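Given next are the chains, with one letter for each unit.
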Amino acid sequence: MQVPAPFEYERATSVDHAIGLLDRLGESARLVAGGHSLLPMMKLRLTDLEYLIDINELHGELGYVRVEEEQVRIGAMTRHRELLESDELHAVFPVFREAERVIADPIVRNRGTLGGSLCQADPSEDLSAVCGALGAVCVIRGPESERLVTMDEFHRGPYETAVGHGEMLVEVRFPLRPGGSSAFEKVERRAGDWAVASVAAAVWLDGGTITDAGVGLAAVGPHTVRVDGITEALRDQRPSEELYTRAGEIAARSCDPATDTRGSAEYKRHLAKELTRRTLRRAVARTGKV
């Protein structure tokens, strides 16, 4: 039986308390909420920690979905199940419900959090693609101040984020604009599995013309949270099958998948192209502007 190395356990009672513990205990301390990614890594001895700081009691402070006039704010401790069940969130960003329906299983969705998913920075993590497509901004709080970081800056590489020593992710913000919608597609080997490939897309239209767009990919490379070039290719264009195909080709060229037990690199690039076409087509249709 695999067991983690010995560690000390602390329980935070507030955000300030958690940040204080991180600052005092040093770089060998990590926060844990759901723990569905961190604990397996500890059991396999892929990470060596001296302290775990349990932040589950912070749900009352950081577990919320707030749809405001110009933005949506989601607390880092918001559970997957809460994102799945929020009708208010679904009304403005349907991509969340579509993604959450195929993330893991009810046990994981009941305990896992948005912040935990983003901070794990696993290249196969679906919500990172969702946040990238929507142009999310992450709020990182430290001992003395807060700072805002875009998703492009937040994910620095596999399992590496912009969250520094003594800091924690407390909120994710999404700009809310008229004329937009979104969609998500995922191919997996079996229900609840990591993706072979997944794609999130968001578009905004005005008068039948695309004014902005974003596409995020998962499981097809380390730097695909938001695909470069797709926004520029779609902006000021009228939606068409040719345009969706062009975007899919950009997505396929931008990803860097590896051949593994889930499929060949060639197959994953094909999925990136096809799923990009599908998500853009559905997102545009949902706007009701064409």
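Structure first, text after, so check above.
A brief structural summary.

What counts as what
- Residues numbered from 1 in each chain as written.
- Predicted model: local features only at pLDDT ≥ 70, side-chain atom pairs only at ≥ 80, totals over all residues.
- Heavy atoms only, no water.
- Helix = DSSP H or I, 4+ residues; strand = E, 2+ residues; numbered from the N terminus.
- Rg over C-alpha atoms; globule rule 2.2 N^0.38 Å.
- Contact = heavy atoms within 4.5 Å.
- Areas by Shrake-Rupley, 256 points an atom, 1.4 Å probe, with all protein chains shown as cover.
- Lys, Arg positive; Asp, Glu negative; His and termini not counted.
- Charge placed at Lys NZ, Arg CZ, Asp CG, Glu CD.
- Patch = residues over 30% accessible without salt bridge, like charges linked within 9 Å, V, L, I, M, F, W, Y side chains within 5 Å.
- Salt bridge = Lys/Arg side-chain N within 4 Å of Asp/Glu carboxyl O.
- Buried < 20%, exposed > 50% of the residue type's maximum accessible area, 1.4 Å probe, protein only.
- Core = buried A, V, L, I, M, F, W, Y, C linked by side-chain atoms within 4.5 Å.
- Pairing = 2+ DSSP bridges.
- Axes fitted to C-alpha atoms, helices over the stretch in contact; angles between N-to-C directions.
- Phe/Tyr/Trp six-rings, centres within 6.5 Å; stacked < 30°, edge-to-face > 60°.
- Lys NZ or Arg CZ within 6 Å of the ring centre and 35° of its normal.

### What about the overall build of the chain?
When you go through the chain residue by residue, the secondary structure sums to 13 helices and 13 strands. Relative to a compact globule of 290 residues, whose C-alpha radius of gyration would be 19 Å, the chain shows 19 Å and is just as compact. Judged by the C-alpha coordinates and their principal axes, the chain covers about 55 × 45 × 30 Å. Across the chain, the fraction of contacts at a sequence separation of at least 24, relative to all contacts at a separation of at least 6, is 62%. Carbon and sulfur atoms form 46% of the exposed surface of the chain, whose accessible area is close to 13300 Å². Seen as two clouds, the 36 positive and the 45 negative side-chain charges of the chain have centres 5 Å apart.

### Remarks on a negative patch on the surface
A cluster of like negative charges, contributed by Asp152, Glu153, Asp228 and Glu232, occupies part of the molecular surface. Mapped onto the secondary structure, Glu153 falls in helix H10 (residues 151-154). In this structure Glu153 comes out as partly exposed when scored by relative accessible area, which is 46%.

### Quick notes on the pattern of salt bridges
A full pass over the atoms with the stated rule returns 23 salt bridges. In this structure, Glu146 engages Arg141 in a salt bridge whose closest nitrogen and oxygen atoms are separated by 2.9 Å. Residue classification places Glu146 among the partly exposed positions, given a relative accessible area of 41%. Judged by its relative accessible area of 23%, Arg141 is partly exposed. Between Asp212 and Arg177 there is a salt bridge, with its nearest N and O atoms 2.9 Å apart. Of the two residues, Asp212 is situated in strand E13 (residues 209-218) and Arg177 in the loop between strand E10 (168-175) and strand E11 (180-188); the sequence distance between them amounts to 35 residues. Assessed through its relative accessible area of 35%, Arg177 is described here as partly exposed.

### Concerning the environment of Leu31
Mapping Leu31 onto the fold places it in strand E2 (residues 29-32). By relative accessible area, which is 23% here, Leu31 ends up partly exposed. For the pair Leu31 and Cys119, spaced 88 residues apart in sequence, the C-alpha to C-alpha distance is 9.9 Å. The residues contacting Leu31, other than those within four sequence positions of it, are Ala18, Leu22, Leu38, Ile53, Ile55 and Met168.

### Side note on the side chain of Ser181
Note on placement: Ser181 falls in strand E11. With near-sequence residues (within four places) excluded, Ser181 lies in contact with Pro94, Ala201, Ala202, Val203, Ala283, Arg286 and Thr287.

### A look at the nonpolar core
Core analysis: the biggest nonpolar cluster contains 36 residues, and Ile74, Phe93, Phe96, Leu118, Val130 and Phe174 have the highest contact counts within it. Of all the secondary structure elements, the ones that give two or more residues to this core are strand E5 (71-75), helix H6 (94-100), helix H8 (114-120), helix H9 (126-133), strand E6 (137-141), H10, E10 and strand E12 (195-206). Examining the composition of this core, we find that five residues originate from one element, H9, more than from any other. With near-sequence residues (within four places) excluded, Val130 lies in contact with Val95, Phe96, Ala99, Phe184 and Ala200.

### Digging into the sheet that holds E11
Reading across from one edge, E11-E12-E13 is the order of the three strands in this open sheet, with antiparallel pairing throughout. In this open sheet, the two strands that pair with only one neighbour each are E11 and E13. Pairwise comparison of adjacent strand axes, ignoring direction, gives a mean angle of 15° for this sheet.

### Re the packing of aromatic side chains
For any pair of aromatic rings, geometry is given as the distance between the ring centres together with the angle between the planes. Following the criterion strictly, the structure yields two aromatic pairs and no others. Ring geometry for Phe96 versus Phe174: centroids 5.5 Å apart, planes at 90°, classification edge-to-face. Here Phe96 is found in helix H6, whereas its partner Phe174 is found in strand E10, with 78 residues between them in sequence. For Phe174, a relative accessible area of 1% puts it in the buried group. One aromatic cluster is present, built from ring pairs that chain together Phe93, Phe96 and Phe174. Note that Arg66 overlies the ring of Tyr64, its terminal NZ or CZ placed 3.8 Å from the centroid. Note that Arg177 overlies the ring of Trp204, its terminal NZ or CZ placed 3.9 Å from the centroid.

On their own, these measurements won't tell you what the molecule is for.
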